[in-house]
Structures are given as structure tokens and as C-alpha cells.
Amino acid sequence: MNPEFRKHAKLELTPLRLLLPLVVLLLGAWAGWVSVTEIGWENLPLEHYKGESLLYWTCSIGFIFTILWGTYLCTSTITEEVSQKSWTFMELSPLSTSKILFGKLFGSTITIWIITLFFGIPILAFAVSNYIPDILAPRNENITITMFIAGVLLWIVATHAFAFFTVLGTLKLKLPKSAALAMLIPVIIVSMIFGGLLLENINDYTTMHHKSNFTNYNGLTWESEVLKGNNYEVEGDWYRYKMQDDNWYDFRIPQLDKITLLIAFIAFWSIIGSYRILRETLQYKDTPWVWFIFMITAPLFLSGVSNSKFEQTIEFPLYMMNILLLLVCAKEAGDIIAYKTWIRSIKEKSWKQALKYTPLWLISFMVLALYFLFLFVYSPLQASFIKDGQFSLKMIELYKINSALIVLCCALKDILAFHIIFWWKKIRRPLIGVVVYLLIAYVIAPVILHTLWGQNASFLVAHPIFEIDYSIKNILNSPLLNNNTGIINMIYWSILGSQILVFGFLFNRIRKSTQERLER
Amino acid sequence: MSQNAITVSSLNYYYPDKKALENITIQIPKGEITALVGPNGAGKSTLMRCLAGLDSPFSGEISICGIDIINNPRQGHSKLGYLSDDFGLYEELTVKDVLEYMAGCHELPIKDSVDTVIKRLKIESVQDKKCGALSRGWKQRVGIAMAVIHMPEVLILDEPASGLDPEARSELSTILKDLQKEGMTILVSSHILSELEEYSTAMLVLRDGKIKDHITLEQQKALTSISSVHIGLSSPVTPAQKIHLENLSQDKKISVTENRHTVTIQHKNEPEQLNILLKSLLDENIPVCSFTPSQSTLQTLYLEIAQTDKNQDK
């Protein structure tokens, strides 16, 4: 058996830890089932209401045990090992990274998994099968239950793996234990959102504003109309069958399946991310191909969630690439030694080594630049001819290129700013410095400008602009400016350009002094 | 096949604000117990962590029994054991549990290897106790047992004696000598030089991230073949006796205390030579009432190197 798994199992698996949550879960489930004695106004079978109650009771208790307690367990396994200094023994073992990851992720949460797999999941399956009224089932009930259960299991794995990844990340940044635990708050919030989406979707499968006289009302029947997902208002009541398909790009997919797929994607990348960061902790130095693939697949996959073409091609990918770039830049900017090693490898023409030390923000920036080039080439192909035969770009296509270029320039500006903050010796807490910088650049300055000069002037601090409504023409309608688009454009790019120049100059100064400091 | 267990060449390690290790090049032959000594902040722990593959240096090469530890740290861990100065055990697990864990990590037959290491480290009496309930001395033993369960060829110990009582220190010394007899190469750092003297066969002096000296046992013996002999006299030394004593001293000099009752001379410290010296003193009717040869120690040797280094810096 995996020794890391066995070690954690020995540490965590005690009769009390196993029995206490189990008793609470069973009591909760029992209470959920017996507390419902009457049917609702929808006039569905009693089992439907009992199943609904059981589902919510189980999910509430399950959330506390699997997400809150489970997240704490799988992260404290790292923080405690580090604080009690036993981490080195694990680092020194020749165990493979995957065995360590599996052992920690599932070993530390073994009580949770035992209860979930042997009790929680059967209860959930029972609850959902009762909750879904037979007459409404648009597809085989077992498929829906399987999809929901898969979603729940993936949701637990994704939350634990994401928490594991986050804490390992804070460990790499040498942040204190309190910071590592504080990082769990956003993890749990994100997890709650996805858990809520899962529940909402299973709810959508079953909720039916129903009246017994609906059948054959005005000639409408379940089979003919309601199952198509249409809504009807009859005598002031809404009759709706909310189980609707959704889009992933142009593919039709049931909403529940879509959210399960999304959670599976997050779970997959959380595990891969944890694996890679664990390898880094164990002194492996890998080439950054995984990050490159993630930079491409994450925006590509997640953009498909949106139903808007503009969001799919501009807002989602650009936002995501930019955020990922800034995250890795904040992680890497302070690692001067890694930069030094990278530059030395390039000078020595040791290309493999150089690739291993290539900053991930640079990979992200290159992907962003490639996307800009793609839009630059692709968007004009979407051009249309106007009547007199003159070739003309649609405004929106021009706007796409413009948006991508702005994001690229903003990224460059932020990369320079991050490095100045991290390399400036007087700034003792550079991570806080980065947060302050982002607040000033993207919140405080726009708000001030907004207050002083009007609605759209805030964007003139070189804020990335995505909304089509904020097209160049609209921005320049601000009281600060006249309606001359050319002038506005010039002012916008002058501000952004001068910011890049100033940051570039400051960066160069600090780079020299940092290099001198290191040579001493 | 290389006879060196540890080979380090041109190793550089940087912290963001300073060079922690600079151009370190060392070879440690198999079977040696090498004492790594140096003042606080000299880079001892950093060097040891690099050797153990726990930190990646900026440049240079490290080979442990022929394995490139920088590029294959996990592979190297099958050949080495390491115990840091501030290591911790899994407080809630028993001694046997943690040893089983380590045996499992190294893919060893669990029962056999655990029983063997328990016997070797003589920890039978605490094997079923929880690690959190052990004293510092026992924890140290268990820590070493975890580090050597796979019988590594190289053992690296960072300040293993810190916090141990004299009895535990003595036992540690015995353990290290036993492990050396089994063929293990040991690199051990400590501030307590007198205890290193008991078992080390070589000394590596690190200062300001640079290797200042690497002395083997043979060199050490040669350096310590001359020692000071303190001669106590029942009556103050006379001028004639003083001349005779000066002639007996290796450097033809003696030092006399203020009351002229104690004379210190430099002399070879081999037993036969000391016997001849004593006879000569008695033949000359020098009123000897005590005779104390004081051997040059690792500590004095280290202090001499440190002093020379300081003088060079000036």
C-alpha cells in the first residue's frame, strides 16, 4: 500500500472521527426524510418532497464535513508537517510525486471518503431518485443520478485538490501558516458556488410548478409541450419545466452535464497543478509545457460556457489569460535567483536548462501575444464589403484587435510594475505592494477619474476595455474630451504608452542595482 | 568506480541578498566521518541541504555515490540519509509506525528492515511509544533510525548533538562509529568540537560560504604530534633548570608562570617520547610534582585556522 496514504490513514482514521460524522449524517438524513409528511401544492407524490428534504439535509451536512472539514484536513496535513518539521522526511523519501500526492490528498481525508462513498452517496442517490418525479423525467433517471453523483464526487476532489494546490503555493512563497489558512476562504467560496450550481441544476430537473388539471389544458400535454422546456402562464400560475439544454460553444448539452463537465475540468487541472507544484517542492525542475497547455486549454474550454460570441472570443479568453499571467508573475517576480539561473543558462546555450527556468509569465505573455496575432489575422477575414465595393472592417472586428492590443500593453505594464515592486528593496511586503498597485491602477484611479471627468474617462488610465459599449467612440464622449475619435485614441495610447515607458525606465534602474547587490 | 562518496565541484548557492556558498569544491572519500565546522551563518546547513538534494544550487555539480543529486534528487535519496538540525517526528504516530513509513517509502521489506534498524539503534524499549512522548535524546535516535533505515551509503547529520545531554551525546558517538564500521560515509556538523573529535576522521572548515580547510585524520595527527606539556614543580624553577628545560623543548622556548611553579614546554606527544622527557627531568633533579601533556585538539586546530583566516582578511 502507498506508505504516504497509510501514514495519513493511521493519523486520521480514529473511531471517533469516523463515527461522529457518520452518526450526524444518518441522524440528519433520518430527520430530513421523516420531517416531511405532507405533499406540496404542486400535488406531486409524497416521495418527491421527502426526497427533496433528504437531499438538502444530506447536502448541508455533507458540505460541512466534506468541504469545510475536508479542506481543512487536506491542507493542515501540509501545514502541520511543515510546522512540526517532519516535512523533510517526506521530501527525502524516494516516493514518486504521484504517490505522495495521492497519499496526502486521499489519506488525510480518508474518514470523509469512507463516509461519503459508503453512506453519503447511496443516501444522495436515493434522495435524487425520489426527488425526480417519474412523470417528468426527460431522460433515463439513472443517467441524471449518475451525472449528479459524479458531479458531487468531482466537486469534493476539485475542492480538496484546489485547496492543496493553494496551500502548497503559499508554502513555496514562504508565507506563514495563517496566510495559507486564509487562502482557504476563497477556495471555499468558489467551492460553494459550484456546489450551489450543482444543486440548482438538479433542482431544475425536478422543480415543477404543477397543477393536476394541467394535463390537456388548452390542448397542451406534457409530452407535446412541457418537455420541450417551454413556460406557460395559466390562470396566474407559471407552469414550467426548467430542465433545459445549454450551450458549450455550439454544442447542446444539458445544464447539469455542463456544470459536471466544468467541475471535472477544474478537478483535473487542480490535480495537475498540485502535482506540478509538489514536484517543484521536491526540487524537480520541469519544462513549462504543462503551463503552456493550461494557458491554451483553460480559456478555450471555459470561454465555451458563455453564450455570447463576443464573450467567447474576447472577454473570457483575454480576461483569463491576463489574470493567469498576473498570478504567475506575482509568484515569480521575486525569485531573482531563478532569473539569474535562466540568464546564465541562455548565455551558456544550455537550452533545456533555460527552458526549465523560463518564467511562466513569459509563456503566458507569449500565448497572449499569439492570441493577439490570431485576432489580427482572423478578424479582417470577417470583414464585409459595403455597397460601393469598398473593403471595410466591421467595427466589432476592429474592436477585437484593439481590445487584445490593450490587454497586451496592460500586461506588459503590469509585469514591469510587479518586478519593480518585488525588486525594490524598500518594499518589505511585495505581495501586499502588488495588491495595492492593482487596486490603484484598476479601482481607485478609474473611480477618481470617473468622479472628476465623467463616466468613461476612467478608462483612460489604460484600463483594459472589453465591453462593446465602451468602444473608442463612446469612451471619447466623456466630458474630458471632445468627440474627436482620433484625439481620444491618441490620448488613450499616450497614457498607456507613457506608463509603459516610465515603468520600463524604473525597472531598468532597479534591475541594475539588484544585479550589483547580487554580485557583491 | 570513484572512491569518493561525495564529490562537489564549483558549487555556488545564492540567497537573494548574498552568496551563501561560493565555489565549493570538495571530495569526501568513502568510509570517512567528516566534521563540518564553521561559525554560525557560514553556510553549513545550506551546504548540507544542497548535498541532500533539498535545495537546488545556482551552479555547480554534486555527486553522491556517482548520482547527480541536482538533476536526480529522488534517485539520490536512495543512497543517502539526512537529518536536519530541527527535524520533527510525527508526534501522533508510534516509533514503529514512523519506521514502517520510512521502510515503505524505500520499498523495503517492512518487518525485517524495521526490526533491524530498531536493534541497530537500540530503540526496542520505545518502539511502541508515540513519538511525541519521547525525550530529545530518544527522538534523535529515532530520527537517525529513520535516516538510516535503508542503509544509505552516505549519512548527513546537521547538528545531531544539539540539545542532547552528555550521556546521549556519548551514545550518539557510539552509534556514529558503529555506522562507520558498517561502511557508511558520514558528514556531520556541530558546534561542539570536542565531541566531533571522538569520532570524526576529517574536518572541513567552512567560513563565509567558502571552504577554508579540509584536513584528514593523518594530517591532523601530524599537526597534533607536538603538544604542550605542563610541568608542575614543588619549588620555583631555577635559572639552570630553565636552561635545561629550554633545551628539552621542541621550539627551544618555555613559558613559566608568575610564581615559577609551572613550566610549559613543547614536546612530541608520543608515549615513548613523553616517558624519555619525564626521565630526563627526574635525572636532572627537577622537582616535578605534576606532569600533564595537553594534546592539540580539533578545537585548537580549528581556532588556529580561524585565526589565520582572520589575519589574512586583515
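Residues numbered from 1 in each chain as written. Chains lettered and ligands numbered in written order. Predicted model: local features only at pLDDT ≥ 70, side-chain atom pairs only at ≥ 80, totals over all residues.

Details of unusual backbone geometry
Residues and elements named next belong to chain B. Using the following cut-off: Helix and strand assignments follow DSSP, with helices taken as H or I runs no shorter than four residues and strands as E runs no shorter than two, numbered in order from the N terminus.
Although it is not a glycine, Asn 23 adopts a positive phi angle of roughly 50°. Residue placement: Asn 23 occurs in strand β2 (residues 18–29). The backbone phi angle of Glu 159 is positive, close to 50°, even though this residue is not glycine. If you trace the backbone, Glu 159 turns up in the loop between β7 (154–158) and α6 (166–181).

Some points on the environment of Ser 190 of chain B
All names here are of chain B. We count it as follows: To assign burial, the other C-beta atoms lying within 10 Å of each residue's own C-beta are counted, with C-beta atoms placed from the backbone; 20 or more indicates buried, 12 or fewer indicates exposed, and intermediate counts indicate partly exposed. The contact criterion used is a C-beta to C-beta distance within 7 Å, with each C-beta placed from the backbone.
For Ser 190, the position within the fold is in the loop between β8 (185–189) and α7 (193–199). The buried category is assigned to Ser 190, around which 22 C-beta atoms lie within 10 Å. In the structure, Ser 190 is positioned 32 residues away from Asp 158 in sequence and 7.0 Å away in space, judged by C-alpha atoms. For Ser 190, the contacting residues outside a window of four places in its chain are Ala 35, Glu 159, Ala 161, Glu 195 and Leu 196.

Points about the packing of helix α1 (residues 3–12) of chain A against helix α5 (residues 97–107) of chain A
When two helices pack together, their arrangement is given by the angle between the helix axes and the distance between those axes. All names here are of chain A. Which entries qualify depends on this criterion: Note on definitions: angles span 0 to 180 degrees between N-to-C directions of axes, and those axes are lines fitted to C-alpha atoms, for helices only across the stretch in contact. An angle counts as roughly parallel when it lies under 35 degrees, as roughly antiparallel when it exceeds 145, as roughly perpendicular when it falls between 65 and 115, and as oblique in every other case. Each crossing gets its hand from how the near helix is turned against the far one by less than a right angle, where anticlockwise is left-handed and clockwise is right-handed. Only Asp, Glu, Lys and Arg are considered charged, only Ala, Val, Leu, Ile, Met, Phe, Trp, Tyr, Cys and Pro nonpolar, and every remaining residue, Gly among them, polar.
Across the interface, α1 lies against α5 with an axial gap of 7 Å and an inter-helix angle of 20°. With respect to each other, α1 and α5 are oriented roughly parallel. The handedness of the crossing between α1 and α5 is right-handed. Taken together, the residues of α5 that come into contact with α1 (itself represented by Glu 4, Phe 5, Lys 7, His 8 and Ala 9) are Lys 99, Ile 100, Phe 102, Gly 103, Lys 104, Phe 106 and Gly 107. A class-by-class count of the residues in the contact of α1 with α5 yields five nonpolar, three polar and four charged.

Observations regarding the interface of chain A and chain B
If you look at the interface, chain A gives 25 residues, while chain B gives 30 residues. For the side of chain A that touches chain B, the secondary-structure elements that each account for two or more residues are α1, α4 (87–92), α13 (336–347) and α19 (485–519) of chain A. For the side of chain A that touches chain B, the per-class residue count stands at ten nonpolar, six polar and nine charged.

Details of the sheet that holds strand β4 (residues 59–64) of chain B
Residues and elements named next belong to chain B. Rule in force here: When DSSP finds two or more bridges between two strands, those strands count as paired.
Read across the open sheet, the four strands follow the order β2-β1-β4-β5; overall the sheet is antiparallel. Only two strands of the sheet have a single neighbouring strand rather than two, namely β2 and β5 (67–68). Pairing of strand β1 (residues 4–15) with β4, which is carried by five bridges, proceeds in the antiparallel orientation. What sits directly across from Ser 9, in β4, is Glu 61.

Concerning the domain arrangement of chain B
Worth spelling out the cut-off: Reported domain spans reflect what an automatic or database domain assignment gives.
Split into domains, chain B comes out as domain 1 (4–221) and domain 2 (225–294). Here the C-alpha centroids of domain 1 of chain B and domain 2 of chain B sit 43 Å apart.

Quick word on the pairing of β4 of chain B
All names here are of chain B. Here two bridges tie β4 to β5, and the two strands are oriented antiparallel to one another. Residue pairing in the sheet places Ile 64 in a bridge with Ile 67 of β5. Remark: two residues form the turn of the hairpin made by β4 and β5, two consecutive strands paired antiparallel; Cys 65 in that turn has positive phi of roughly 50°.

Thoughts on the sheet that holds strand β6 (residues 80–83) of chain B
Residues and elements named next belong to chain B. Ordered by their spatial adjacency, six strands build an open sheet running β6-β7-β8-β3-β9-β10, and the pairing between neighbours is mixed. Single-partner strands in this sheet number two, and they are β6 and β10 (210–216). Sheet twist, expressed as the mean angle between neighbouring strand axes with direction ignored, is 15°. Examined bridge by bridge, β6 and β7 share four bridges and lie parallel to one another. Its bridge partner being in β7, Leu 83 is matched across the sheet by Leu 157. Each of β3 (33–37), β7 and β8 is contacted by α6, which is oriented at about 150° to β8, the strand it contacts most.

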